[in-house]
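Understanding the architecture of this molecule
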Amino acid sequence: MATTAFPLNAELTAIAIGYRNRDIDLIANQVLPYVDRTAKRFSYTSYPPGDAYTLPATRVGRKSTPTEVDFGGQLVVDECVDWGLDDIVPNDEIEAWQAMTRPAAGGPVSPMAKSTSLLTGLLDLDREVRVANLVFASGTYPASNRVTLSGTSQWSDRTNSDPVAAIMAALDIPLFRPNTLVFGQATWTALRTHPRMVQAVFGTNQGAGVATREQVAQVLEVGRILVGAGWVNTARRGQTPTYARVWGKHAAALYLSQDAADADQPTFGWTARFGTRIAGTMAEPKVGLRGSMRIRVGESVKEVISASNSGYFWQDAVA
């Protein structure tokens, strides 16, 4: 029995699940990885950090009772949100494609499959923007775990700033030492070519060069570096496009763990997901002279920041 108002199509669903931009473009799924839930409404328990770091008296006298402690966990209830897009493909376009003589392999792509791919790309971009706006927001972090750079402290100042020292100091601040560094493309370009970083990587006094992600990660002792290189058009529909980097000119250091998220253990953030991404069609007989097909792609997810004190944020890291 169908579980949606429109029939799922195995071929189109495969396209919706399998379509991906390059990793260097979109990084939302790595920054806030999916954690599957059995219902749209979900909950998790948040424990105050002090409970685990405040040491009680543990010595027990010969006839005394051990110190009793109380863990004040707070139940957080949330719900996945539906995100989706539709497109209309006229039946005459579908029939024209079906009438084509196609080779055994390759050939023209089905207009419905192409529509699914384009819708999926927009859905991915929308999630990328949501995650970037959440992770690269000053209000997401405690006051002690964020800083706004300006003037000579910005890493684009190749003479006066010292991003290596700044990052090393910041990595010691969160309760869980970050294992992932996240950069906007402009920030990453400035960092990997900064004289202080080049000198730290190559162990020389050279003032020019380029460091790789692996080299920077090794010097800073983090597990990985993620660079958001995606673009988004900030102009309104119909106006001349104005393109901007989704992840801006900021940077963050985060403790991320897929295993911890799956086990409800502390990790900076994750994404609750109900079911898998879907794609399907339904007839639209009143649209177009010969009718049309409606293509729908969507998913039910909710981005969650569950341990903001396990991250550090540099706003306006470069000019």
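Right, let's walk through the structure included here. Nothing here was measured: the structure is a model prediction, and the numbers come from that model. (Residues numbered from 1 in each chain as written. Predicted model: local features only at pLDDT ≥ 70, side-chain atom pairs only at ≥ 80, totals over all residues. Heavy atoms only, no water.)

It is worth spelling out the layout of surface pockets at this point. In this structure, the largest pocket occupies an estimated 490 Å³ of space. In terms of residue count, helix H3 (residues 49–53) provides more of the lining of the largest pocket than any other element does, 4 residues in total. Counted by class, the lining of the largest pocket contains 13 nonpolar, 6 polar and 2 charged residues. Approximately 390 Å³ is the volume found for the second largest pocket. Broken down by secondary-structure element, the contributors of at least two residues to the lining of the second largest pocket are helix H5 (111–135) and strand S8 (231–233). (1 Å grid on protein atoms, 1.4 Å probe; cavity = no way out; pocket = protein on both sides within 12 Å on 5 of 7 lines; lining within 4 Å. Points joined across faces, edges and corners; volume = space filled by probe spheres on them. Helix = DSSP H or I, 4+ residues; strand = E, 2+ residues; numbered from the N terminus. Nonpolar A, V, L, I, M, F, W, Y, C, P; charged D, E, K, R; others polar.)

Turning our attention to the packing of aromatic side chains. Tallying each qualifying case throughout the model produces 10 aromatic pairs. Aromatic side chains Phe136 and Trp247 sit 5.1 Å apart centroid to centroid with 85 degrees between the ring planes, which places their arrangement in the edge-to-face category. Placement of Phe136 in the loop between H5 and strand S5 (146–148) and of Trp247 in the loop between strand S9 (243–245) and strand S10 (251–254) is noted, with a sequence separation of 111 residues between them. The residues Phe136 and Trp247 share a single accessibility class, namely buried. Ring geometry for Phe183 against Trp188: centres 5.6 Å apart, planes inclined by 35 degrees, an arrangement best described as tilted. Taken individually, Phe183 and Trp188 each receive the classification buried, so the pair is uniform in this respect. Here a set of aromatic residues connected by ring pairs shows up, and it is made of Phe136, Tyr141, Trp247, Phe268 and Phe313. The ring of Tyr34 carries the charged tip of Arg273 above its face, separated from the ring centre by 4.1 Å. (Phe/Tyr/Trp six-rings, centres within 6.5 Å; stacked < 30°, edge-to-face > 60°. Buried < 20%, exposed > 50% of the residue type's maximum accessible area, 1.4 Å probe, protein only. Lys NZ or Arg CZ within 6 Å of the ring centre and 35° of its normal.)

Let us now look at helix H9 (residues 213–220). Considered for burial, the residues of H9 that qualify are Val216, Ala217 and Leu220. Down the axis of H9, the buried side of the element spans an arc of 100 degrees, and every buried residue falls inside it. Seen from the open side of H9, the exposed residues pointing more than 90 degrees away from its buried face are Glu214 and Gln218. Lining the buried residues of H9 we find helix H6 (163–171), strand S6 (180–184), helix H7 (185–192), helix H8 (195–202) and strand S7 (224–228). Note on H9: the residue one or two positions beyond its end, Glu221, has a positive phi of about 60 degrees. (Arc of directions from axis to C-beta. Contact = heavy atoms within 4.5 Å.)

On to the sheet that holds strand S13 (residues 311–315), then. Pairing is mixed in the open sheet, where 5 strands are placed in the order S5-S13-S10-S6-S7. Of all strands in the sheet, those with a lone pairing partner are S5 and S7, marking the two edges. Taken over all neighbouring pairs, the strand axes of this sheet differ in orientation by 10 degrees on average, direction set aside. Here S6 runs beside S7; their pairing, made up of 5 bridges, is parallel. Following the sheet pairing, Val182 is matched in S7 by Leu226. (Pairing = 2+ DSSP bridges. Axes fitted to C-alpha atoms, helices over the stretch in contact; angles between N-to-C directions.)

Take the nonpolar core next. Counting 26 residues, the largest nonpolar core has Trp155, Ile167, Leu181, Phe183, Val216, Ile225 and Trp314 as its most contacted members. Elements with a contribution of two residues or more to this core: H6, S6, H7, H8, H9, S7, S10 and S13. Per-element tally for this core: the top contributor is H6, with 4 residues. Those residues in contact with Ile167, other than ones at most four positions away along the chain, are Trp155, Leu181, Leu191, Leu220 and Trp314. Membership of the second largest hydrophobic core comes to 18 residues, among which are Val31, Val131, Phe268 and Phe313. (Core = buried A, V, L, I, M, F, W, Y, C linked by side-chain atoms within 4.5 Å.)

Turning our eyes to something else, we now look at the pattern of salt bridges. Tallying each qualifying case throughout the model produces 13 salt bridges. With its nearest N and O atoms 2.8 Å apart, the salt bridge here joins Arg127 to Glu303. With Arg127 in helix H5 and Glu303 in strand S12 (residues 292–305), the pair connects residues that are 176 residues apart, well separated along the chain. What makes Arg127 buried here is its relative accessible area of 2%. Judged by its relative accessible area of 11%, Glu303 falls in the buried class. The salt bridge involving Arg130 is made with Glu303; its shortest N-O contact spans 2.9 Å. A residue pair is termed long-range when its members are at least 10 positions apart, and Arg130 in helix H5 and Glu303 in strand S12 qualify at 173 residues. By sharing partners, the salt bridges in this structure join Asp86, Glu284, Arg294 and Arg296 into a single network. (Salt bridge = Lys/Arg side-chain N within 4 Å of Asp/Glu carboxyl O.)

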